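Summary of structural features
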Amino acid sequence: MVILFDEQLIPRNRAHVDIEDRGYQFGDGVYEVIRVYGGNMFCKAQHLSRLERSANEIRLNLPFTLERLDTLLEELVKQNRLREGTIYLQASRGTAPRNHSFPEQARSKVIAYTTEAPRPLETLRQGVRAITEPDLRWLRCDIKSLNLLGAVLAKQKAVDSGCQEAILHRDGQVTEGSSTNVFIVKDGRLATHPADHFILRGITRDVVIELAKELGIPVTERAFSVEELFRADEVLISSTTMEITPIISIDGRKVGSGSPGPLTRQLQTAFEKRISHSASGS
Ligand code: PMP
């Protein structure tokens, strides 16, 4: 197994992160997680352009071009013979004596590695349970920043309650999950929070919206309340690793009938088709 370390592919045990790396000390950096199906990166261009956007928003200069990064990631997947799994990729502002303000000299540091992971077929079929939690994160959730403490604490609370996701809310409105976007279905219509600074604009979220349009399911990007969440016919979450996962209960209360609903199933089937196209390289 090799990892990408700056511009080189090296064995993991040869990589060293300095104790003054700003990603390590301040969470000063951005990241991406890209799914690999059948050896091909799914929505690669969208992930790379979101990485560039996140980097720009925090004024971090990536150390090389996206084209170069693309080539290096392809090589990483190839050398690791990854068929089914994920790539974790991060860019930190580099290493410099500890000081909050930007260092003048530091060169940003990119690392990436792969993990083999089968698709979560069981949870896709059965759905998962969720809790609601106040959204305690900062106000630039649109940036895929390394600072994940708010998400970590919320997710742990879900796990402590025997659930798999925490659905976050701010001022009575649902924003997103701790590591997913949230959609509700009511009377045949889909709704999800607008892509503003309160949420991460998930790549999978965009795919879900696209698929809904193709399927003729009306979809609105609008904030909805916690009450609406509880009254929804169906609730689903989306992310690179969880794809389109049905939510079957929230805070111990059943969503709809308590099993995954028909629109969620329709979207999952359409998503599968997208994946198999991508996996076959078409
Ligand atoms: N929101 C948050 C807060 C996330 O961490 C993630 C996963 N990175 C998502 C949404 C889903 O984004 P994507 O579909 O691009 O994985």
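Residues numbered from 1 in each chain as written. Predicted model: local features only at pLDDT ≥ 70, side-chain atom pairs only at ≥ 80, totals over all residues. Heavy atoms only, no water.

Quick reminder of the rule: UniProt positions are given in the numbering used here, feature names are shortened, and annotations may be inferred rather than shown by experiment.
The name an unreviewed UniProt entry gives the chain is D-alanine aminotransferase, with Kroppenstedtia guangzhouensis as the organism. Check the Catalytic activity (unreviewed entry) section of the UniProt entry for the chain; it says "D-alanine + 2-oxoglutarate = D-glutamate + pyruvate". According to the UniProt record, the Sequence similarities (unreviewed entry) comment for the chain reads "Belongs to the class-IV pyridoxal-phosphate-dependent aminotransferase family."

**A look at the sheet that holds strand 1 (residues 2–5)**
What counts, and what does not: A pair of strands is considered paired only if DSSP assigns at least 2 bridges between the two. Helix and strand labels come from DSSP, where a helix needs a run of H or I of at least four residues and a strand needs a run of E of at least two; each type is numbered from the N terminus.
If you walk across this open sheet you meet the six strands as 2-1-6-5-3-4, and the pairing is antiparallel. Lying at the two open borders of the sheet, with one neighbouring strand each, are strand 2 (8–11) and strand 4 (40–41). Bridge count for strand 3 (residues 29–37) against strand 4 is two bridges, and the pairing is antiparallel. Pairing of Tyr 37 across the sheet is with Asn 40, part of strand 4.

**Quick look at the pairing of strand 7 (residues 128–134)**
Rules: When a residue's accessible area, from a 1.4 Å probe over protein chains only, is under 20% of the maximum for its type it is buried; when over 50% it is exposed; and in between it is partly exposed. If you view a crossover with the strands going away from you and the path from the first strand over the helix to the second runs clockwise, you call it right-handed.
Within strand 7, five of the seven residues are buried, which leaves it mostly tucked inside the rest of the structure. When strand 7 meets strand 15 (residues 243–250), the two strands line up parallel, connected through three bridges. The partner of Arg 129 across the bridge, within strand 15, is Ser 249. In terms of handedness, the path from strand 7 via helix 5 (residues 149–160) over to strand 8 (residues 165–170) forms a crossover that is right-handed.

**Observations concerning the site of the ligand**
Inclusion rule: One heavy atom suffices: a residue is near a molecule or strand as soon as one of its heavy atoms comes within 4 Å of it. Pairs of N or O atoms within 3.5 Å make up the polar contacts considered here, provided that, within protein, one atom can donate a hydrogen while the other can accept it, and that residues adjacent in sequence are counted only when both atoms are side-chain atoms. Only the protein chains shown count as covering a residue, and every accessible area follows the Shrake-Rupley method with a 1.4 Å probe. Classification used: nonpolar for Ala, Val, Leu, Ile, Met, Phe, Trp, Tyr, Cys and Pro, charged for Asp, Glu, Lys and Arg, polar for all others including Gly.
Close to the ligand lie 16 residues; Lys 144, Glu 176, Ile 203, Thr 204 and Thr 240 are nearest. Here a nitrogen atom of the ligand sits 2.3 Å away from a polar atom, N or O, in the side chain of Lys 144. Glu 176 places a side-chain nitrogen or oxygen 2.6 Å from a nitrogen atom of the ligand. In the complex, the protein chains occlude 91% of the 390 Å² of accessible area that the ligand would expose alone. Looking at the shell around the ligand, the elements with two or more residues in it are strand 9 (173–177), helix 6 (203–215) and strand 14 (234–239). For the shell around the ligand, the class distribution of residues is two nonpolar, 10 polar and four charged.

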